[in-house]
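What the coordinates show
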Amino acid sequence: MLEHKVVSIIRGADPEQLVSIVRALHAGGVRAVEVTINSPKALAGIEKLTAELGSRMLIGAGTVLDPETARAALLAGARFIISPTLSAKTIRMTKRYGAISIPGAFTPTEILTAYEHGGDIIKVFPATLGPGYLRDLAGPLPHIPLMPTGGVTLDNISALRQAGAVAFGVGSALVDTRQPATPEYLAVLTDKARQFVQAVSASA
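A few points on the structure. (Residues numbered from 1 in each chain as written. Predicted model: local features only at pLDDT ≥ 70, side-chain atom pairs only at ≥ 80, totals over all residues. Heavy atoms only, no water.)

**So, the pairing of strand 2 (residues 32–36)**
Extensive coverage of strand 2 is indicated by the burial of five of its five residues. Because side chains alternate across strand 2, one face comprises the buried residues Ala 32, Glu 34 and Thr 36, and the other comprises Val 33 and Val 35, equally buried. In terms of strand pairing, strand 1 (residues 6–10) meets strand 2 through four bridges, oriented parallel. Across the sheet, Ser 8 pairs through a bridge with Val 33, a residue of strand 2. For the segment spanning strand 1, helix 1 (residues 18–27) and strand 2, crossover handedness is right-handed. (Buried < 20%, exposed > 50% of the residue type's maximum accessible area, 1.4 Å probe, protein only. Helix = DSSP H or I, 4+ residues; strand = E, 2+ residues; numbered from the N terminus. Pairing = 2+ DSSP bridges. Right-handed = clockwise from strand over helix to strand, strands pointing away.)

**Some remarks on the nonpolar core**
Core analysis: the biggest nonpolar cluster contains 57 residues, and Ile 10, Ile 21, Leu 25, Ile 111, Leu 174 and Leu 189 have the highest contact counts within it. When residues in this core are grouped by element, the largest group, eight residues, is from helix 8 (residues 183–202). Residues in contact with Leu 174, not counting those within four places in the same chain, are Ser 8, Leu 25, Val 30, Tyr 185, Leu 189, Lys 192, Ala 193 and Phe 196. Counting 10 residues, the second largest nonpolar core, distinct from the first, contains Met 1, Phe 80, Met 147 and Ala 167. (Core = buried A, V, L, I, M, F, W, Y, C linked by side-chain atoms within 4.5 Å. Contact = heavy atoms within 4.5 Å.)

**What about the layout of surface pockets?**
There is about 300 Å³ of room inside the largest pocket. Lining the largest pocket are 19 residues; nearest its centre among them are Ile 9, Arg 11, Gly 150, Gly 171 and Ser 172. Taken together, the residues of the lining of the largest pocket sort by class into six nonpolar, eight polar and five charged. (1 Å grid on protein atoms, 1.4 Å probe; cavity = no way out; pocket = protein on both sides within 12 Å on 5 of 7 lines; lining within 4 Å. Points joined across faces, edges and corners; volume = space filled by probe spheres on them. Nonpolar A, V, L, I, M, F, W, Y, C, P; charged D, E, K, R; others polar.)

**Concerning empty space enclosed by the protein**
Scanning the entire structure with this criterion turns up three cavities of 30 Å³ or more. Around the largest cavity, the lining residues are Ile 10, Ala 13, Pro 15, Leu 18, Val 35, Ser 39, Pro 40, Lys 41, Ala 42 and Gly 45.

**Description of the sheet that holds strand 8 (residues 146–148)**
Within a sheet, adjacent strands bond to each other through the backbone by hydrogen bonds, running parallel or antiparallel. Sheet architecture is open: three strands sit in the order 6-7-8, paired in parallel fashion. Of all the strands in the sheet, just strand 6 (104–105) and strand 8 have a single pairing partner and so form its edges. Where strand 6 and strand 7 (residues 122–124) come together, two bridges link them in parallel fashion. Residue pairing for strand 7: Ala 105 is matched across the bridge by Val 124. Sheet contacts for helix 5 (residues 108–116): strand 6, strand 7 and strand 8; angle to strand 7, the most-contacted strand, approximately 160°. (Axes fitted to C-alpha atoms, helices over the stretch in contact; angles between N-to-C directions.)

Here's what the structure looks like:
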């Protein structure tokens, strides 16, 4: 995750189209995907992705709010757990299964607390305050890996990288699940994934 940096957030995808979407992302250079747990048949989707693409992609679960859901996702094959909020119990469950824990936080106090509870990377959510806020956070908390999520686009990802982000959660700016996964859309998706990957590489 730290090497490739872009984590594609897939929310609400048709379960039958999930593998095709992730294959298109892989073709564009993305190597980590988060299936939000509030998507249709999310656990089955994680299990299928792990079986078919787990050797080439890092598959995880997102929008995980409690340890019970984290455990179910981990048993389905998720290798990382992302939350929009901070739950010490969810972090502990994730670490118990040897997976990557990415709890969500916003203020400096929340971010430090999440890290002290064992979060590997802290999701700064929402990231709508932009690079300036991330840079301000990195000043007193340079030892904490930060992953802005919520509002990350091609227009600001380079600036967020330069502000100190170690990874990025990219949602509808990359995958628009309202679009049917036609060959034409999947080609567009691959190209967009390539643009995000290149933008991150260019700003290193």
